[in-house]
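Listed below, chain by chain, are the residues.
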Amino acid sequence: MKLKWLKVATVAALIATIGFGSVQAPTKTEAASKLSGKIVINGSSALLPLTLQAANEFKKLNPKVKISASAAGSITGPQSVRKGIADIGAVDWDATKAVPGFEAFTGQVANKVAVTPFAAVVNKSVTATNLTTKQLQDIFSGKVTNWKEVGGKDADIIVVNRAFGSGTRVNFQQKALNGTDFMTKGSNYKEVKTSGDMKTAVESTPGAIGYLDFAYITTKMTGVSINGVAPTVDNVINGKYKVWGYGYYMTKGQPTGVVKEFIKYVQSAKFQNGSLKKLKFIPLSAMK
Amino acid sequence: MKKAVVISVLATAIGAAAVTPVMAQSAVQTAQAVQVGSITVSINGNSVAIRTIDAQGVTLASVRDLAKALEASLNVTGSTITVQLNHNVVKLSDAVTVNGTAFVEPVSFLGKLGVGYSNGNITSVKFLENVDQVTWVNASKLIASISGENGREDYLVDAATGKNELLLTSSDTSELIVSPDGSKAAYSEEDGTVNVIDLSTKQSTKVSTDTSIKNEMVFSADGSSIFFFQGDKNSVICKLSLADGSVTKVLEDKVDYKANLTVSADGTKVAYFQIKQPVVKNDATDVSKDDVTIDPTGTETQAFFYDSAKGDNKPVQLTKDASDKAFLELSADGSKAYYVSIKDDNTGSVASVNTASLEAASVYSAEDVFQMNQADGKLIVLTAKGDANSISAIDPATGTASKLYSVSDAVSELIVSGKGDIAAISNYQLAVPVNGKFTTITR
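Residues numbered from 1 in each chain as written. Chains lettered and ligands numbered in written order. Predicted model: local features only at pLDDT ≥ 70, side-chain atom pairs only at ≥ 80, totals over all residues. Heavy atoms only, no water.

Quick look at the overall build of chain A
The secondary structure content of chain A amounts to 10 helices and 11 strands. Split into buried and exposed, the 288 residues of chain A put 58% on the buried side. Put simply, 75% of the contacts in chain A that link residues at least 6 apart link residues at least 24 apart. Carbon and sulfur atoms make up 54% of the accessible area of chain A, which totals about 11600 Å². (Helix = DSSP H or I, 4+ residues; strand = E, 2+ residues; numbered from the N terminus. Buried < 20%, exposed > 50% of the residue type's maximum accessible area, 1.4 Å probe, protein only. Contact = heavy atoms within 4.5 Å. Areas by Shrake-Rupley, 256 points an atom, 1.4 Å probe, with all protein chains shown as cover.)

The following block contains the structure:
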């Protein structure tokens, strides 16, 4: 073991100073690792696994950049940016434009970072795993309350909904329910704050139906086919499955400095085709 | 002007009407046109036509044609032509031009470009471009990867020459990890299943059909298994046996978002960083009020340790201080954890924690530490002090640093093998020490 290091030390002794003389003139004035600063990210819980994975990888390349990421629903992303307590607001819709329930956030820039597919999910006890749009509308509005009414067993339907402000809720309402309203109360109704809470609720509640982005779907639940189309990445890309949206990083004006570099990393081919895909998101390039 | 005069003589000698040396374009005007011919040569196995002229029995070849065929860069600045192929740069101020086309004596020119020429066959090494992931295979080979919109290409690269061969083309796979003995590489597919490539035969074999998401895969020291974080939230630490493809849980403490997995040599002990999320409070009933707060109290990254022999799924918290932390490494015997501690002023130093007594110590703080890797019992660090950047080896027992190289400020990342082989990313190019001097082997 010592000999190996002796070899290295000998080389070191021979070379007092070695520059990279044969390298072309620098295209950057500063090495990437010299980036420093802090990035605070808040917003979508659907995007949180992606954000934290990107943060882990970015930090290995830029250890002096401190990244703090949290999630309490999409709406808190652009709110935090507007309030000046976050540099990036992660949100499941383009918050520079108004969507039902939320006005546009002016002065912010929507940086597209991912394609997020969403699915209706049911507890493993539920056998009705192929529903029409009408059936979904009736279930989530509370008109249909027993699974036998939509081809399943005689069992109560427990609707699990995300709280107002969720980007997953915005996307699901717009694209799976065609904009119809959710039920808001009742003994078979439950409301949760984050995707993690939704996952736990659907996994552990017999008869439950909710909705999640693909990243949160586990083997303890079933993704529901809508009008005979299964919730798969392939069906999103080939245009058959419509319940998906872009994930955005909102910034106050155009991003600069370490925030710009982090967003560039998330948008890079390496991350988009690597970790982002592994986490069940879809690369931006797939939807061109 | 001496050179121009010499070239003028040459130009006159070959009797070119429109022949002019680059440095004396107007110096020679004669009546007869030079015959521009063509020869076909083999360049890296491809037949290519190269324009030529005959200079009293000496064949001169078109600079532009050769550069194009070799995919070398060519720039003309004033009277100087600069041709670059990989790290070889040739500046021509004595080329002969015919109707605006520059010609040179090819054998000498190709030699200066580092290109072999024999009996009409020209061979060059085409460097990889824009590599974004590199790992060592053994002391003479690396794997370099290039990501694009359609997927990733992984190449085996000769460390001395940059010569490369395609190993794997894929679109939905994790980055390759290489076993400590360099005999095999592993990757996970989009569906979570794992393949292993025998690096001598290049044959790929599926070793596990387990479909869980696998992050931060790490080979065990003996190469018989792979450790990884399971799930999209890195909640569970698992071990995949390459012998039978079985996956066993090493730690399941129901805490999400672990990072930087590091494993002891015997595979029984693991360490990792725990990433906590700030607490967010909001009232979304009136969005315009922006009634949202983010409380980061107690969310600093902390190192944890777990001895799987205990089997209680209760990891031990190694650190509690408020510094930011990166590059966690567990010693081979699992007795110490090393990491780079980053203070509020952004200076980095190497710290250690005894995994049994939890005693913390400063290992190295003489220079600002930017990266740390463990190799053969030493800690290899990239450091900066003022404008001087260095690569050093630290003895973790004494904290003594031995400087291995002084390097340019452009060095942004080290790639260190478990045996101490060092490569560096400089200006987005891969550089390795060749005969003691860092030389770029990608573009």
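Considering the overall build of chain B
The secondary structure content of chain B amounts to three helices and 41 strands. Against the compact-globule benchmark of 22 Å for 443 residues, chain B has a radius of gyration of 29 Å, which places it well outside the compact range. Each of the 443 residues in chain B was classed as buried or not, and the buried ones make up 54%. For chain B, contacts bridging at least 24 residues in sequence account for 36% of all contacts bridging at least 6. Summing over all exposed atoms, chain B offers an accessible surface of approximately 19100 Å²; the carbon and sulfur share of this is 48%. Seen as two clouds, the 36 positive and the 51 negative side-chain charges of chain B have centres 5 Å apart. (Rg over C-alpha atoms; globule rule 2.2 N^0.38 Å. Lys, Arg positive; Asp, Glu negative; His and termini not counted. Charge placed at Lys NZ, Arg CZ, Asp CG, Glu CD.)

Points about the nonpolar core
Grouped burial of nonpolar side chains is what soluble globular proteins tend to show. Judged by nonpolar contacts, the single largest core of 88 residues is most densely connected at I139(A), F140(A), W147(A), I209(A) and F262(A). For this core, the element with the highest residue contribution is strand β4 (residues 108–123) of chain A, accounting for eight residues. In this view, I209(A) contacts V121(A), V122(A), L131(A), L136(A), I139(A), F140(A), W147(A), I157(A), I158(A), V159(A) and V160(A); residues no more than four positions away in its chain are not counted. One finds A61(B), L66(B), L92(B) and V104(B) within the second-largest nonpolar core, a separate group that totals 22 residues. (Core = buried A, V, L, I, M, F, W, Y, C linked by side-chain atoms within 4.5 Å.)

Brief notes about the pairing of strand β13 (residues 141–148) of chain B
Residue and element names in this part refer to chain B. Counted residue by residue, β13 has six buried out of eight residues, so it is predominantly covered. For strand β12 (residues 133–138) and β13, the ladder comprises five bridges, and the chain directions are antiparallel. Looking at β13, one finds that Q133 is bridged to S145. What sits between β12 and β13 in their antiparallel hairpin is a turn of two residues. Relative to strand β14 (residues 151–158), β13 runs antiparallel, the two sharing eight bridges. Paired with I146 across the two strands is E153, which belongs to β14. Between β13 and β14, which pair antiparallel one after the other, the connecting turn spans two residues. (Pairing = 2+ DSSP bridges.)

Quick notes on the confidence of the model for chain A
Close inspection of predicted coordinates is inappropriate in any region flagged by low pLDDT. Residues and elements named next belong to chain A. Averaged over all residues, the pLDDT of chain A equals 87, while 88% of them reach at least 70. Within chain A, strand β10 (residues 225–226) carries the highest mean pLDDT (98), whereas helix α1 (residues 2–14) carries the lowest (30). Counting interchain partners and residues more than four positions distant, the pLDDT-below-50 stretch residues 1–32 has 56 contacts. (pLDDT = per-residue confidence, 0-100.)

A closer look at the interface of chain A and chain B
Between chain A and chain B, the residue contacts involve 66 residues of the former and 81 residues of the latter. With both sides pooled, the region where chain A packs onto chain B buries about 6200 Å², and carbon together with sulfur makes up 55% of that total. Applying the counting rule to chain A against chain B returns five salt bridges. A salt bridge links K64(A) to D368(B); the nearest nitrogen and oxygen atoms lie 2.7 Å apart. Remark: the boundary between chain A and chain B carries 13 residue pairs in polar contact (both at pLDDT 80 or more). Contributions of two or more residues to the side of chain A that touches chain B are made by α1, β1 (37–43), α2 (48–61), β2 (65–71), α3 (76–83), α9 (269–273) and α10 (275–278) of chain A. If you tally residues by element for the side of chain A that touches chain B, the top one is α2(A), at eight residues. For the side of chain A that touches chain B, the residue count by class is 33 nonpolar, 19 polar and 14 charged. (Buried area = accessible area lost by both parts, 1.4 Å probe. Salt bridge = Lys/Arg side-chain N within 4 Å of Asp/Glu carboxyl O. Polar contact = N/O pair within 3.5 Å; in protein donor to acceptor, adjacent residues only side chain to side chain. Nonpolar A, V, L, I, M, F, W, Y, C, P; charged D, E, K, R; others polar.)

Concerning helix α6 (residues 195–204) of chain A
Side chains three or four residues apart in an α-helix point the same way, a direct result of the helix having 3.6 residues per turn. Residues and elements named next belong to chain A. When α6 is considered as a whole, its buried residues turn out to be S195, M198, A201 and V202. Taken around the axis of α6, the buried residues stretch over an arc of 120°, which confines them to a single face. Looking at the buried positions of α6, the neighbouring elements they touch are β4, β6 (158–162), α5 (167–175), β7 (189–192), β8 (208–213) and β9 (221–223). (Arc of directions from axis to C-beta.)

Let's talk about the sheet that holds strand β35 (residues 378–385) of chain B
Residue and element names in this part refer to chain B. Within the open sheet, the four strands sit side by side as β34-β35-β36-β37. Their pairing is antiparallel. In this open sheet, the two strands that pair with only one neighbour each are β34 (368–375) and β37 (401–407). Taking the axes of each pair of neighbouring strands and ignoring which way they run, one obtains an average angle of 25° across the sheet. Pairing of strand β36 (residues 388–394) with β37 involves six bridges; the strand directions are antiparallel. The partner of S392 across the bridge, within β37, is K403. (Axes fitted to C-alpha atoms, helices over the stretch in contact; angles between N-to-C directions.)

A word on the packing of aromatic side chains
In the structure shown here, the tally under the stated rule is 16 aromatic pairs over all chains. Seen in terms of ring centroids, Y272(B) and F304(B) are 5.9 Å apart; in terms of plane orientation they differ by 10°. Their pairing is stacked. Here Y272(B), found in strand β25 (residues 269–274), pairs with F304(B), found in strand β28 (residues 302–307); they are 32 residues apart in sequence, far enough to count as distant. Each of the two residues, Y272(B) as well as F304(B), counts as buried. Ring pairing ties together the aromatic residues F58(A), Y249(A), F262(A), Y265(A) and F271(A), which thus form one cluster. Sitting over the face of the ring of Y246(A), K112(A) holds its NZ or CZ atom 3.9 Å from the ring centroid. (Phe/Tyr/Trp six-rings, centres within 6.5 Å; stacked < 30°, edge-to-face > 60°. Lys NZ or Arg CZ within 6 Å of the ring centre and 35° of its normal.)

As for the sheet that holds strand β6 (residues 80–85) of chain B
Residue and element names in this part refer to chain B. The three strands lie next to each other as β5-β6-β7, forming an open sheet whose pairing is antiparallel. Edge positions in the sheet fall to β5 (73–77) and β7 (88–92), since each has one partner strand and no second. This sheet shows a mean twist of 15° between the axes of neighbouring strands, independent of strand direction. This element, helix α2 (residues 63–70), spans β5, β6 and β7 of the sheet and lies at about 20° to β6.

Remarks on the layout of surface pockets
Taken as a whole, the second largest pocket holds about 1400 Å³ of empty space. Considering only residue class, the lining of the second largest pocket consists of 14 nonpolar, 14 polar and 12 charged. (1 Å grid on protein atoms, 1.4 Å probe; cavity = no way out; pocket = protein on both sides within 12 Å on 5 of 7 lines; lining within 4 Å. Points joined across faces, edges and corners; volume = space filled by probe spheres on them.)

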